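Residue-level structural notes
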Amino acid sequence: MNVIIIAGKIVFALIWLGLFAILGGATGELSSQSIGLLSVLLAVLVIMHLLLLGVFVATMKQHLPWKKGDSWQILAFGIFAWLSILQRPKQDQG
């Protein structure tokens, strides 16, 4: 399972880097339609990950140890960060 989580995080990192590189003009000039499409795809990715973060916080935050940076992990890597948080060993409470 750890291999799947790491592979998923790598794939999402490549997707983010690719989208930002293309929008930043690293691949040359793009038509306005291509830039618009990529902007919409980036917006959909961000919205989906924000929804996932909202669901996770609403349902699981009370039951799992929450660390600083977990929100950013879920925003960046989506379900793969969620799975890594779920696999985190629970700390003894008291």
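Going along each chain's sequence as written, the residues are numbered from 1 onward. Local features are withheld for residues below a pLDDT of 70 in this predicted model, meaning they are given only at 70 or higher, and side-chain atom pairs are given and counted only at 80 or more; totals for whole chains, interfaces and linings count all residues. Just so you know, side-chain values use all the structure's heavy atoms and leave hydrogens and water out.

Looking at an unreviewed UniProt entry, one finds the protein chain named DUF1145 domain-containing protein, with Idiomarina piscisalsi as its source organism.

1. Side note on the side chain of His-49
Rule in force here: The helix count covers DSSP runs of H or I at least four residues long, the strand count covers runs of E at least two residues long, and both are numbered beginning at the N terminus. The criterion used for residue contact is that any of the two residues' heavy atoms lie within 4.5 Å.
Along the chain, His-49 falls in helix H2 (residues 32-60). Not counting chain neighbours up to four residues away, the residues in contact with His-49 comprise Phe-12, Trp-16, Ile-74, Leu-75, Ala-76, Phe-77 and Gly-78.

2. Some details on the packing of helix H1 (residues 2-23) against helix H4 (residues 79-87)
Quick note on the threshold: Axis definition: a line fitted to C-alpha atoms, over the contacting stretch in the case of helices. Angles run 0 to 180 degrees between N-to-C directions. By definition, turning the near helix anticlockwise from the far helix through less than a right angle yields a left-handed crossing, and turning it clockwise yields a right-handed one.
Where H1 contacts H4, the axes come no closer than 9 Å and their chain directions differ by 150 degrees. Along this stretch, H1 crosses H4, giving a crossing that reads as left-handed. The residues of H4 that touch H1, namely those facing Asn-2, Ile-4, Ile-5, Gly-8, Lys-9 and Phe-12, are Phe-80, Ala-81, Leu-83, Ser-84 and Gln-87.

3. As for H2
Here is the rule we go by: One less than the residue count of a helix, multiplied by 1.5 Å, gives the span that helix is expected to have. With a 1.4 Å probe rolled over the protein chains alone, any residue whose accessible area is under 20% of its type maximum counts as buried; one over 50% counts as exposed, and the rest are partly exposed.
Here H2 is 29 residues long and its end C-alpha atoms lie 41 Å apart, about the 42 Å a rise of 1.5 Å per residue gives. Turning to H2, its buried residues number three or more, namely Leu-38, Leu-42, Leu-45, His-49, Leu-52, Leu-53 and Phe-56.

4. Digging into the nonpolar core
Going by this rule: Here, nonpolar core refers to any group of buried Ala, Val, Leu, Ile, Met, Phe, Trp, Tyr and Cys residues whose side-chain atoms link them within 4.5 Å.
The biggest cluster of nonpolar side chains holds 16 residues, and the ones touching the most others in it are Phe-12, Trp-16, Leu-19, Leu-45, Phe-56, Ile-74 and Ile-85. At the level of secondary structure, the elements contributing two or more residues to this core comprise H1, H2, helix H3 (70-77) and H4. Among the elements that line this core, the one with the most residues is H2, at 6 residues. Setting aside chain neighbours within four positions, we find Trp-16 in contact with Leu-42, Leu-45, Val-46, His-49, Leu-75 and Ala-76.

5. Looking at the packing of H3 against H4
For any two helices packed against each other, one specifies the inter-axial angle together with the distance between the axes. Heads up, the condition is: Convention used here: angles under 35 degrees read as roughly parallel, angles over 145 as roughly antiparallel, angles from 65 to 115 as roughly perpendicular, and any remaining angle as oblique. Gly is put with the polar residues, along with every residue not named as nonpolar or charged; the nonpolar set is Ala, Val, Leu, Ile, Met, Phe, Trp, Tyr, Cys and Pro, and the charged set is Asp, Glu, Lys and Arg.
Across the interface, H3 lies against H4 with an axial gap of 6 Å and an inter-helix angle of 140 degrees. By the angle between their axes, H3 is oblique relative to H4. When H3 is examined against H4, the residues Asp-70, Gln-73, Ile-74 and Phe-77 are found in contact with a partner set consisting of Ile-79, Phe-80, Ala-81, Trp-82 and Ile-85. Its residues assigned to classes, the contact of H3 with H4 comprises 7 nonpolar, 1 polar and 1 charged.

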